[in-house]
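Given next are the chains, with one letter for each unit.
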Amino acid sequence: MTVAEEKPPVDVDTVDLDFIQMIKKTGGPNIQSCYQCGTCSGSCPAGARTNYLVRGIIRKALLGLKKEVISAPELWYCTTCYMCTDRCPQDVKPTDVIKAIRNVAVEEGYMLKPHQDVAKKVLEAGHAVPLDKDTWSALRQKSGLEPLPPNGSSNPKVAEEIRKMAKKSGFDKLIGYSDTPPPAEKKEK
Amino acid sequence: MSKRPAYYHFLGCIIPHRYPSIEKAAKLVFNDLGIDLLDMVGASCCPAPGVFGSFDRVMWATIAARNLTIAEQGGHPLTTGCNGCFASLWDANHELKEDEELRAAVNRNLAEIGREFKGTTEVTHYIDVLYGVAGMQKLKEHVTHPFTGVRMALHPGCHWMRPALVKKKDNSERPHIFREICEATGAKYVHYKDELMCCGAGGAVRTADVKIALEFTKQKFDSILAAGGADVIVTPCPFCLLQLDMGQVEIQKIFGVEYKFDVMHVAELLALAFGHQPEEFGLASHLQYAQRKTEPNWQRLKLRAKATA
Ligand code: SF4
Ligand code: SF4
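1. Points about the site of ligand 2
In the vicinity of ligand 2 there are 13 residues, among which Cys44, Tyr52, Cys78, Cys81 and Cys84 of chain A approach most closely. Residues that form the shell around ligand 2 fall into these classes: 10 nonpolar, 3 polar and no charged.

Structure, rendered in structure tokens:
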């Protein structure tokens, strides 16, 4: 537990309004409707077992405590179950607010390596969970299916198209993806 | 009138690459019901809503839109048996139709590969097609192997029906549609306290911290046991299924607690109820069985099939 006097008071006259605007623009337009009733946290299965407190994150964001909000590891414990969104009396859509805050966090470099790797796989193979072993093909044959499904696993063009779009939008740089396979591999081992 | 309804079959990743028995079971069931599932050539990852939605909304919507353009060009709606794929594709389709700024940004990316999102297709989940197109009457008529006496716990999962006000599918506090479909098989619905709770895998949490994800799952299992237990857990989502199926192996490793639930996708439950043999689609290929070197509990499931691997 953090003791209150360890932290300076928040000056509400110098709130980081840019941060609120960023959240509103990235998918959480209703964040300013929150009146802190706590229905969201009371419904939250992630909050029931971790220090993740959705109501608190929203309050901190509204106070402009950007750094504190985007750097908190618990930001990544929301399973996006939308329980809070279905119950919030103010239509804040807390789930979307959390996703928007995560977008800001990633833009500022706060992301977990395992998530980065999932994103890279989609650029490499067209799939987050690729058909990367013969055993998976064998599993398909056991189910009476052709060894390769008619998706990105049987068509390298699929991943190629995704890479082109990622390059165009700068998403490849965001996740540290490089076209030449060795550097991406080297980082992991 | 006699024209068969046709849908692009959006496979995603987990169904075709880890639980292909669901893909095959869906093909059997939809064929029995006179509904065509068309190969969706060139489809990719939906993309994974947890990671991509959290990382970059525009790129998330771009990859989803690329998939949607395949259906738009082919002129048929699409259907998926995955709540996660449904979340990405349905949400992106919805948001792109409403948010012009997002649509412009996405179409700039799509232009790079000569595609354009037009907003002319519809995204459905198997549940929508089973309930709304085939209909309960037809489902019941096809049941030749009723699961009478089998206790069934349901895990509807989150992203088909939530957020309720946007999706407009079912009452997310008291849903009935998924339950009705499953009950058509004659199995006995077992209510448990945490039925509507998330499995723990979503939102990129499984990837971030598998132990915390499994704590959700464990709570669900304990809740089912507190309700008197179940012979099978049924879900409409392969990612939830992975979490509930493989999750038992992982929970045993991490928490030292052993659960023994058979877990099925609703397409598999229906395939069996429609009289198909488990070997026809490979029910025993679920990862839990491979890891534990076990088989489905044939007797408890009242399948009496020959025990083949
Ligand atoms: S339920 Fe809504 S209004 Fe209440 S604290 Fe949570 S976000 Fe704010
Ligand atoms: S969506 Fe996230 S914040 Fe909302 S109840 Fe679910 S886990 Fe909690």
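Picking up where we left off.
2. Here's the deal with the interface of chain A and chain B
Across the contact, 62 residues belong to chain A and 67 residues belong to chain B. Applying the counting rule to chain A against chain B returns 6 salt bridges. Between Glu23 of chain B and Arg140 of chain A there is a salt bridge; the shortest N-O distance is 2.8 Å. One can count 28 residue pairs in polar contact (both at pLDDT 80 or more) joining chain A with chain B.

3. Notes on the sheet that holds strand S5 (residues 151-154) of chain B
Residues and elements named next belong to chain B. With respect to topology, 4 strands assemble into an open sheet ordered S6-S5-S7-S8, the strand pairing being parallel. Looking at which strands have only one partner, the edges of the open sheet turn out to be strand S6 (188-190) and strand S8 (262-265). For this sheet, the mean inter-axis angle between neighbouring strands, taken without regard to orientation, is 35°. With 3 bridges joining them, S5 and strand S7 (residues 232-235) adopt parallel strand pairing.

4. Remarks on the side chain of Glu268 of chain B
Residue and element names in this part refer to chain B. In this fold, Glu268 is placed in helix H14 (residues 266-273). A polar contact is formed between the side chain of Glu268 and the side chain of His286, at a distance of 2.8 Å. Other than its neighbours up to four places away in sequence, Glu268 contacts Ser21, Ile22, Ala25, Leu241, Val263, Phe281, Leu283 and His286.

5. Things to note about the environment of His76 of chain B
Residue and element names in this part refer to chain B. Structurally, His76 can be placed in the loop between helix H4 (57-74) and strand S3 (78-80). Here His76 falls in the partly exposed class, since its relative accessible area comes to 27%. In contact with His76, not counting residues within four places along its chain, are Ala6, Tyr8, Leu38, Ala71 and Thr121.

6. What about helix H5 (residues 83-98) of chain B?
Residues and elements named next belong to chain B. When the terminal C-alpha atoms of H5 are compared, their 22 Å separation across 16 residues agrees well with the 22 Å that a helix rising 1.5 Å per residue should span. Most of H5 is tucked away: 12 of the 16 residues are buried. Those residues of H5 lying buried are Asn83, Gly84, Cys85, Phe86, Ala87, Ser88, Leu89, Trp90, Asp91, Ala92, Asn93 and Leu96.

7. Focus on the domain arrangement of chain B
Residues and elements named next belong to chain B. For chain B, the assigned domains read domain 1 (6-126) and domain 2 (136-308). On a C-alpha basis, the centres of domain 1 and domain 2 stand 24 Å from each other. Taken residue by residue, the interface counts 26 residues in domain 1 and 35 residues in domain 2. Carbon and sulfur atoms make up 72% of the area that domain 1 and domain 2 hide from each other, which totals about 2,500 Å². The three residues of domain 1 that bury the most area against domain 2 are Tyr19, Leu33 and Asn83, which together make up 26% of that side's buried surface. For the pair domain 1 and domain 2, the interface holds 1 salt bridge. Salt-bridge contacts for Lys167 lead to Asp91; the nearest nitrogen and oxygen are separated by 3.4 Å. Inspection of the domain 1/domain 2 interface yields 11 residue pairs in polar contact (both at pLDDT 80 or more). Looking at which element gives the most residues to the side of domain 1 that touches domain 2, the answer is helix H2 (residues 20-32), with 8 residues.

8. Observations regarding helix H6 (residues 100-111) of chain B
Taking 1.5 Å per residue as the helical rise, H6 of chain B with its 12 residues ought to reach 16 Å, and the 16 Å between its terminal C-alpha atoms agrees with that figure. Along H6 of chain B, the residues classified as buried are Leu102, Ala105, Val106, Asn107, Asn109 and Leu110 of chain B. In this structure, the buried side of H6 of chain B is in contact with helix H9 (156-169) of chain A together with H4 and H5 of chain B. Two or three places before Glu101 of chain B, at the opening of H6 of chain B, Asp99 of chain B has a side-chain oxygen 3.1 Å from that residue's backbone nitrogen.

9. Topic: the sheet that holds strand S4 (residues 123-125) of chain B
To summarise the sheet geometry, strands pair through backbone hydrogen bonds and adopt either a parallel or an antiparallel arrangement. Residues and elements named next belong to chain B. Pairing is parallel across the open sheet formed by 4 strands, whose spatial order is S2-S1-S3-S4. Looking at which strands have only one partner, the edges of the open sheet turn out to be strand S2 (36-39) and S4. The average undirected angle you get between the axes of adjacent strands in this sheet is 45°. Strand direction decides the pairing type here: S3 and S4, joined by 3 bridges, are parallel. Counted as the bridge partner of Thr79 is Thr124 from S4.

10. Regarding the site of ligand 1
All names here are of chain A. In the vicinity of ligand 1, 14 residues are found, and the nearest of them are Cys34, Cys37, Gly38, Cys40 and Cys88. Put simply, the parts of the chain that give the shell around ligand 1 at least two residues each are helix H2 (39-43) and helix H3 (54-62). Looking at the shell around ligand 1, its residues break down into 9 nonpolar, 4 polar and 1 charged.

Cut-off values and rules
- Residues numbered from 1 in each chain as written.
- Chains lettered and ligands numbered in written order.
- Predicted model: local features only at pLDDT ≥ 70, side-chain atom pairs only at ≥ 80, totals over all residues.
- Heavy atoms only, no water.
- Near = heavy atom within 4 Å.
- Nonpolar A, V, L, I, M, F, W, Y, C, P; charged D, E, K, R; others polar.
- Contact = heavy atoms within 4.5 Å.
- Salt bridge = Lys/Arg side-chain N within 4 Å of Asp/Glu carboxyl O.
- Polar contact = N/O pair within 3.5 Å; in protein donor to acceptor, adjacent residues only side chain to side chain.
- Pairing = 2+ DSSP bridges.
- Helix = DSSP H or I, 4+ residues; strand = E, 2+ residues; numbered from the N terminus.
- Axes fitted to C-alpha atoms, helices over the stretch in contact; angles between N-to-C directions.
- Buried < 20%, exposed > 50% of the residue type's maximum accessible area, 1.4 Å probe, protein only.
- Expected span 1.5 Å × (residues − 1).
- Domains from an automatic or database assignment.
- Buried area = accessible area lost by both parts, 1.4 Å probe.

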